[in-house]
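Chain by chain, the residues run as shown.
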Amino acid sequence: TFEGKLVDYIPVDSMWNDSSGEYVYFLCYDDKIVKIGMTSDTLSGRYGSYNCGTRKAMKKGSCSTTNYVITECNYSAILNNKNVSIYAIRIEKEFKTIEKFGVVKQIPVSVCRGYEEIITDIFVSTYGVKPVLCVQKGSSSI
């Protein structure tokens, strides 16, 4: 009946709070990949967002379904004595110089969605299915 935060994520690597790159991450139960995802934020920021998926927020309709599902699945895995781990590949941030309205500016360009799609495609071609918690697969123009 508890409706608050169910899972705490304990960082074991400095990459957890590193905002200098983008990341493709792998959520694993007993070292089996159950989700491939991406973030252009920090890993701690992404998993903090997952933690917004509380039962209370879901009842109110104020959280994303993905955040709720990931939180509930991680909690269930822990209750069932599964080792829940997160691995990540750091992707160097890329920048593009643009000129608009007489101003030249270097802006960040996110590429991690494309990396996520490539890695997910490799997973699917290897195993014949998407990881079980990859309910959506983004589309990129790569």
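The numbers attached to residues start from 1 for each chain and follow its sequence in the written order. For this predicted model, a pLDDT threshold of at least 70 governs which residues receive local features, and a threshold of 80 or more governs which side-chain atom pairs are given and counted, while totals over whole chains, interfaces and linings are taken from all residues. For side-chain calculations, the full set of non-hydrogen atoms in the structure is used, while hydrogens and water are omitted.

Before going further, it helps to spend a moment on the overall build of the protein chain. Helices and strands together make up the secondary structure of the protein chain, namely four helices and five strands. A run of DSSP states H or I qualifies as a helix once it reaches four residues; a run of E qualifies as a strand once it reaches two. Both are numbered from the N-terminal end. Helices and strands in the protein chain line up, N terminus first, as β-β-α-α-α-β-β-β-α. For the protein chain, the spread of C-alpha atoms along the three principal axes comes to 60 × 35 × 30 Å. Under the scheme applied here, a residue whose accessible area is under 20% of the maximum for its type counts as buried, over 50% as exposed, and between as partly exposed, the area being computed with a 1.4 Å probe on protein chains only. For the protein chain, the residues scored as buried account for 34% of the 142 residues in total.

Let us look at the side chain of Thr71. As for its placement among the helices and strands, Thr71 is situated in helix 3 (residues 65-79). The buried category is assigned to Thr71, whose relative accessible area is 1%. From its side chain, Thr71 meets the backbone oxygen of Asn67 in a polar contact 3.0 Å long. Those residues in contact with Thr71 that sit more than four places away from it in its chain are Leu6, Val7, Tyr50, Asn51 and Gly53. By the criterion applied in these results, polar contacts are pairs of N or O atoms within 3.5 Å in which, for protein atoms, one can donate a hydrogen and the other can accept it, and in which residues neighboring in sequence qualify only through two side-chain atoms. Contact definition: two residues touch when any of their heavy atoms are within 4.5 Å.

With that settled, the discussion passes to the pairing of strand 5 (residues 103-109). For strand 5, the tally of buried residues reaches only zero of seven residues, placing the bulk of the element at the surface. Where strand 4 (residues 94-100) folds back onto strand 5 in an antiparallel hairpin, the turn is made up of two residues, including Phe101, whose phi is positive at roughly 55 degrees. DSSP calls a pair of strands paired once it identifies at least 2 bridges connecting them.

Now for the layout of surface pockets. The volume enclosed by the largest pocket comes to roughly 430 Å³. For cavity detection a 1 Å grid was placed over the protein atoms alone, and a set of points counts as a cavity when a 1.4 Å probe fits there but cannot get out; an open set counts as a pocket when protein lies on both sides within 12 Å along at least five of seven lines, with lining residues being those that have an atom within 4 Å of a point. The wall of the largest pocket is formed by 16 residues, among which Ile10, Val12, Val84, Ser85 and Ile86 lie closest to the centre. Take the lining of the largest pocket: its biggest share by element is five residues, from strand 3 (residues 84-92). Of the residues assigned to the lining of the largest pocket, the class counts are 13 nonpolar, one polar and two charged. Grid points are joined across faces, edges and corners, and a volume is the space filled by probe spheres set on the points. Each residue receives one of three labels: charged for Asp, Glu, Lys and Arg, nonpolar for Ala, Val, Leu, Ile, Met, Phe, Trp, Tyr, Cys and Pro, and polar for the others, Gly being one of them.

The next subject is the pattern of salt bridges. Definition used for salt bridges: Asp or Glu carboxyl oxygen within 4 Å of a side-chain nitrogen of Lys or Arg. For the structure on display, the rule yields seven salt bridges. Where Asp30 meets Lys82, a salt bridge forms, and the shortest distance between an N and an O atom there is 3.6 Å. Pair noted here: Asp30 is in the loop between strand 1 (21-29) and strand 2 (32-39) and Lys82 is in the loop between helix 3 and strand 3, with a separation of 52 residues, a long-range link. Linking Glu72 and Arg55 is a salt bridge whose minimum nitrogen-to-oxygen distance equals 2.8 Å. With Glu72 in helix 3 and Arg55 in helix 2 (residues 55-60), this residue pair connects regions lying 17 residues apart in the sequence. Since its relative accessible area comes to 24%, Arg55 is described here as partly exposed. A single salt-bridge network, built from bridges that share partners, covers Asp18, Arg90 and Glu92.

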